[in-house]
Amino acid sequence: AALPETLSGAQGSNRGYSDNSLEADDDLSAVRVWLQARAVNPNTLSQYRKEAERFLLWCTMERGKALSSITASDAALYPRWLEMEFAANNLGRS
């Protein structure tokens, strides 16, 4: 599923245009490249993908920002949101 252009990260405020070492045009592409580089083990890949997707969804749906536009202040809110979600939905059980 594609994200709206405003949330895709193609124009994210933290995107480095001069040195795009990931060669990613948007945030989802950047996450996919990051996953390929970081997770060799299939179980690790699965967990990293789940958490990366959860964070990407939080950025776009809860904060209304592209991942590449998230600030340190925004990111500091994420652990609290996770705690509330886990408590409200019993997500602690895997």
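Below or above, wherever it landed, is the structure these notes cover. Note that the structure is a prediction, hence the values are computed from the model and not measured.

About the thresholds
- Residues numbered from 1 in each chain as written.
- Predicted model: local features only at pLDDT ≥ 70, side-chain atom pairs only at ≥ 80, totals over all residues.
- Heavy atoms only, no water.
- Helix = DSSP H or I, 4+ residues; strand = E, 2+ residues; numbered from the N terminus.
- Contact = heavy atoms within 4.5 Å.
- Areas by Shrake-Rupley, 256 points an atom, 1.4 Å probe, with all protein chains shown as cover.
- Phe/Tyr/Trp six-rings, centres within 6.5 Å; stacked < 30°, edge-to-face > 60°.
- Buried < 20%, exposed > 50% of the residue type's maximum accessible area, 1.4 Å probe, protein only.
- Salt bridge = Lys/Arg side-chain N within 4 Å of Asp/Glu carboxyl O.
- Expected span 1.5 Å × (residues − 1).
- Axes fitted to C-alpha atoms, helices over the stretch in contact; angles between N-to-C directions.
- Parallel < 35°, antiparallel > 145°, perpendicular 65-115°, else oblique.
- Nonpolar A, V, L, I, M, F, W, Y, C, P; charged D, E, K, R; others polar.
- Core = buried A, V, L, I, M, F, W, Y, C linked by side-chain atoms within 4.5 Å.

### Points about the overall build of the protein chain
Working step 1: Per the secondary structure count, the protein chain includes 3 helices and 0 strands.
Working step 2: If you list the helices and strands of the protein chain from N to C, you get α-α-α.
Working step 3: Within the protein chain, residue pairs in contact and separated by at least 24 positions form 38% of the contacts whose partners lie at least 6 positions apart.
Working step 4: Summing over all exposed atoms, the protein chain offers an accessible surface of approximately 6,700 Å²; the carbon and sulfur share of this is 52%.

### Quick notes on the packing of aromatic side chains
Working step 1: On inspection of all chains with the given rule, the structure shows 5 aromatic pairs.
Working step 2: Ring plane angle 20° and centroid distance 5.7 Å describe the contact between F55 and W58, whose orientation is recorded as stacked. One end of the pair is F55 and the other is W58, both in helix α2 (residues 42-62) and 3 residues apart, which spans about a single turn.
Working step 3: For the pair Y78 and W81, a centre-to-centre distance of 6.0 Å together with 20° between the ring planes defines the contact as stacked. Remark: W81 and Y78 occur in helix α3 (residues 72-89); sequence separation between them is 3 residues, near one turn of the helix. For the pair formed by Y78 and W81, the shared burial category is buried.

### Looking at the pattern of salt bridges
Working step 1: Per the stated rule, a full pass over the model turns up 4 salt bridges.
Working step 2: One salt bridge in this structure joins K50 and E51, with 3.9 Å as the shortest N-O distance.
Working step 3: The partly exposed category is assigned to K50, whose relative accessible area is 36%.
Working step 4: The partly exposed category is assigned to E51, whose relative accessible area is 32%.

### Things to note about helix α1 (residues 27-38)
Working step 1: Between its terminal C-alpha atoms α1 stretches 16 Å, which fits the 16 Å expected from 12 residues at 1.5 Å a residue.
Working step 2: In this structure, the buried residues of α1 make contact with α2.

### Observations regarding the packing of α2 against α3
Working step 1: In the contact formed by α2 and α3, the axes pass within 11 Å of each other and the chain directions differ by 105°. It follows from the interaxial angle that α2 and α3 lie roughly perpendicular. Between α2 and α3, the contacting residues are E51, R54, F55, W58 and E62 on the first element and D74, A75, L77, Y78, W81, L82 and F86 on the second.
Working step 2: By residue class, the composition of the contact of α2 with α3 is 8 nonpolar, no polar and 4 charged.

### Details of the nonpolar core
Working step 1: Residues W58, C59, I70, Y78, W81 and L82 constitute the largest nonpolar core, which totals 6 residues.
Working step 2: Listing elements by their share of this core, those giving two or more residues are α2 and α3.
Working step 3: Non-local contacts of W81, meaning those with residues more than four positions away in its chain, are made with R54, W58 and E62.

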